[in-house]
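The lines below spell out each chain.
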Amino acid sequence: MRRIDYHLCFMNVAILLAAAIAVIAAPLGAQTPIRPVPSGTERAPAARAPIERAPIEIGALRIEFGYDETNQLESESFELPELVPPALGDLAIGDRRLARGFPVAPGEREDVLFERIDVVAPGAKVFVHDTDGVHEIPQSARVQLLGIGVSNSAIRVGLSMDPSGESMRGLLSHPTGVFELSQTRASSTSIAARPAYLVIRGSAVTAGMDITTTCDTPDEPVFFDPDLPAWVSHEVSVSSAAGPPTHSAVVAFDTDAEFVNDPVNYNGNTTNANNAITDLVTSMNVLYERDFQLRLLKGTTILRTVVGPYTATTTGGQLTELGNEWFTNQGAVARVFATLLSGKGFYDPMGGCSASGLATLDRYCDNNPAGGGSYSVNQVLRCPFTPLNGPGNTNLIGHEIGHNAGSPHTHCYVPTIDFCYKAEGGCYAGAVSCPDFSGVIAGIAVGKGTAMSYCNFSGPNGAACGQTEPFFHPTVSALVTTRIAANTNPACVQTLGGGGACPMGVLDMVTVNTVQAASTTIQACTKITAAAGFGINAGVAVTLQSGGTIEFMPGSSAAGILNAKIGFP
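Residues numbered from 1 in each chain as written. Predicted model: local features only at pLDDT ≥ 70, side-chain atom pairs only at ≥ 80, totals over all residues. Heavy atoms only, no water.

**Observations regarding the nonpolar core**
- Counting residues in hydrophobic clusters, the biggest one holds 50 residues, and the most contacted among them are Phe 259, Tyr 364 and Leu 388.
- If you list the elements that add at least two residues to this core, you get strand E8 (126-130), strand E17 (247-255), helix H2 (257-260), helix H3 (270-292), strand E18 (294-304), strand E19 (337-342), helix H5 (391-404) and helix H6 (474-486).
- A total of ten residues in this core trace back to one element, the largest contributor, which is H3.
- With residues up to four places along the chain from it excluded, the contact list for Tyr 364 reads Val 336, Phe 337, Ser 374, Asn 404, Ala 405, Val 480, Arg 483, Ile 484, Asn 487, Cys 492 and Val 493.
- Ala 99, Leu 145, Ile 155 and Leu 172 belong to the second largest nonpolar core, which has 23 residues in total. (Core = buried A, V, L, I, M, F, W, Y, C linked by side-chain atoms within 4.5 Å. Buried < 20%, exposed > 50% of the residue type's maximum accessible area, 1.4 Å probe, protein only. Helix = DSSP H or I, 4+ residues; strand = E, 2+ residues; numbered from the N terminus. Contact = heavy atoms within 4.5 Å.)

**Details of the environment of Asp 256**
- The topology assignment puts Asp 256 in the loop between E17 and H2.
- Overall, the relative accessible area of 1% leaves Asp 256 in the buried class.
- In this structure the C-alpha to C-alpha distance between Asp 256 and Thr 311, which are 55 residues apart in sequence, comes to 8.5 Å.
- Setting aside residues no more than four positions away along its own chain, Asp 256 makes contact with Arg 304, Tyr 310, Gln 318, Leu 340, Leu 341, Ser 342, Gly 343 and Lys 344.
- Only 2.9 Å separates the side chain of Asp 256 from the backbone nitrogen of Phe 259, close enough to count as a polar contact.
- Among the polar contacts listed, one links the side chain of Asp 256 to the backbone nitrogen of Gly 343, at a separation of 3.1 Å. (Polar contact = N/O pair within 3.5 Å; in protein donor to acceptor, adjacent residues only side chain to side chain.)

**Brief notes about H5**
- In this model, H5 (14 residues) spans 20 Å end to end at C-alpha, consistent with the 20 Å of a helix rising 1.5 Å per residue.
- Counting buried positions over the 14 residues of H5 gives 14, a clear majority of the element.
- Phi for Gly 406, located one or two positions after H5, is positive at around 125°. (Expected span 1.5 Å × (residues − 1).)

**Comments concerning the environment of Ala 478**
- Tracing the sequence through the fold places Ala 478 in helix H6.
- Taking the relative accessible area as the measure of exposure, Ala 478 reaches 41% and is therefore partly exposed.
- Sequence separation between Ala 478 and Phe 292 is 186 residues; the distance between their C-alpha atoms is 8.0 Å.

**Some thoughts on the confidence of the model for the chain**
- Scored by pLDDT, the chain has a mean of 73; 66% of the residues are at 70 or more.
- Taken element by element, the predicted model of the chain shows its lowest mean pLDDT in strand E15 (residues 222-223) (20) and its highest in E19 (98).
- Counting contacts from residues 203-242, a segment whose pLDDT is below 50, to residues more than four positions away or on other chains yields 130 contacts.
- A low-confidence stretch, residues 551-569 stays under pLDDT 50, and its non-local contacts, those more than four residues away or across chains, total 80 contacts. (pLDDT = per-residue confidence, 0-100.)

**Structural notes on unusual backbone geometry**
- Omega for the peptide link from Val 414 to Pro 415 comes to -5°, which places this bond in the cis form.
- For Pro 415, the location among the structural elements is in the loop between H5 and H6.
- The step from Gly 459 to Pro 460 runs through a cis peptide bond, and the omega angle for that step is 5°.
- Inspection of the secondary structure assignment puts Pro 460 in the loop between H5 and H6.
- Positioned with a positive phi, Ser 167 is a non-glycine residue whose angle comes to about 55°.
- Looking at Ser 167, the relative accessible area reads 4%, which means it is buried.
- The phi torsion at Asp 362 lies on the positive side, around 55°, for a residue other than glycine.

**A word on the state of the cysteines**
- On inspection of all chains with the given rule, the structure shows four disulfides.
- Linked covalently through their sulfurs, Cys 412 and Cys 427 form a disulfide whose S-S length is 2.0 Å. Taking the sign of the S-S torsion, 95° for the link of Cys 412 and Cys 427, the bridge is right-handed. Taken as a pair, Cys 412 in the loop between H5 and H6 and Cys 427 in the loop between H5 and H6 lie far apart in primary sequence, 15 residues in all. (Disulfide = S-S within 2.5 Å.)

**Notes on the pattern of salt bridges**
- This structure, assessed with the given rule, holds 16 salt bridges.
- A salt bridge links Glu 289 to Arg 295; the nearest nitrogen and oxygen atoms lie 2.4 Å apart. Considered together, Glu 289 and Arg 295 belong to a single accessibility category, that of buried residues.
- A salt bridge links Arg 304 to Glu 325; its shortest N-O distance comes to 3.5 Å. Of this pair, Arg 304 sits in strand E18 while Glu 325 sits in helix H4 (residues 315-328), placing them 21 residues apart in sequence.
- Taking the relative accessible area as the measure of exposure, Glu 325 reaches 10% and is therefore buried.
- Salt bridges here are not isolated pairs; linked through shared partners, they connect Arg 142, Asp 162, Arg 169 and Asp 279. (Salt bridge = Lys/Arg side-chain N within 4 Å of Asp/Glu carboxyl O.)

Structure representation (structure tokens):
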């Protein structure tokens, strides 16, 4: 039986913020001639084992803080040392680098271990449909990185940039909220003319919102020039984190002409549109790898600059068109899910923009729309300063793919996960209230809903709890990981292979209770655990089979935390 979930979300964006900070678009690229990609540009796995690179110190040369009308710290502008972006951009796939003092929220720094990942599925292609017909263009050359906080594994970072380190942008999941990082050129005289960076609180709404929210313009920034203390110690606190990604799922992308030709974002430039979709996949993996141990991979992508099979204006009509197109004309394309990115959502330069989504429930590797199919549609946010890999669109598209992956809304579980919404048929229908998951999910704010919730819906049917948080509830994670396992086979969800450095999330650790007074060689990719009060002698070293060492520090530890030194080859 086909199950479709409808979601409508709206937002208004503070246009005046644009006067202070202008986002640098990715460099414009000329349209590729009508020919296949030249030989030698196919993506291939790294020819050597991944390695840990030497740590880098971040630091901030100059800082501006911006506050909203309630005096809440809303944003931070800063400069990075010139060598920092290239030091991340030159990593090979699978390589890691520790960035000490990385900005993870306005005014906050954290040591973050980054790993470069490849989010493009093997054999995936990019096709442009334009007035000259159909031709192939290369995959994005942008560098994709996932990061995890060393002392706080609740901090997750998805970062994208050009190989030179330019055009950096990313998604930051932090215990105090979700934030967006972007490269800017600031007009303020208190920041030098060269590129700076902005970390701003995520103001975009999440999937499922049925109300209009105004993002008020922050007050004029209060300028500071502090020397923030840099964390330069080699000692780190390693925490037991969620396991590494164990599976991968290919998501194929299609677009309508309104998306690619949108003058606010791509204006017909297919290179920029393809870069944005690649960056989006990295941002979604911040949630999917942490909560489902699933790595999403960008599958074959179609970029349309001319009107194609998508003429409907409603998400329901578009979902039917998507299923018909990908069943009839794209049936041979390997994928687990297929999603349409549409530019038909509402946008008014003076009145903001809206986004909406539609998806089928619990459909893996099903091409046939007669049974629902593994499809979702997203009329994305198109306002300035709402990039495709920003919080709003990441939550919207991640929410819809979450339905494909098997999860209904949180108020439709039995027993219900939350009491945020009461007007969906066959689901919870009692009094509404905001949840408190702070004792269940590390880093979530009290009163906030999770990614598959309707906690941001207004009354009378919703509890109006504000923006949902970028977490899948543990009950959702348990269900989806079961569905992932049930659909793991050579023709659908794939098991990630081993070898080389461990995937992000475990930091090449070992179970502490098995380490005694002597140096030990252990199998890498084992998650660390530590009993409360567990003591260990100073100088005990563990050599990792993947390279590098861990030297445990003396003293006792709280459960799950142990002080250690990490040595890099």
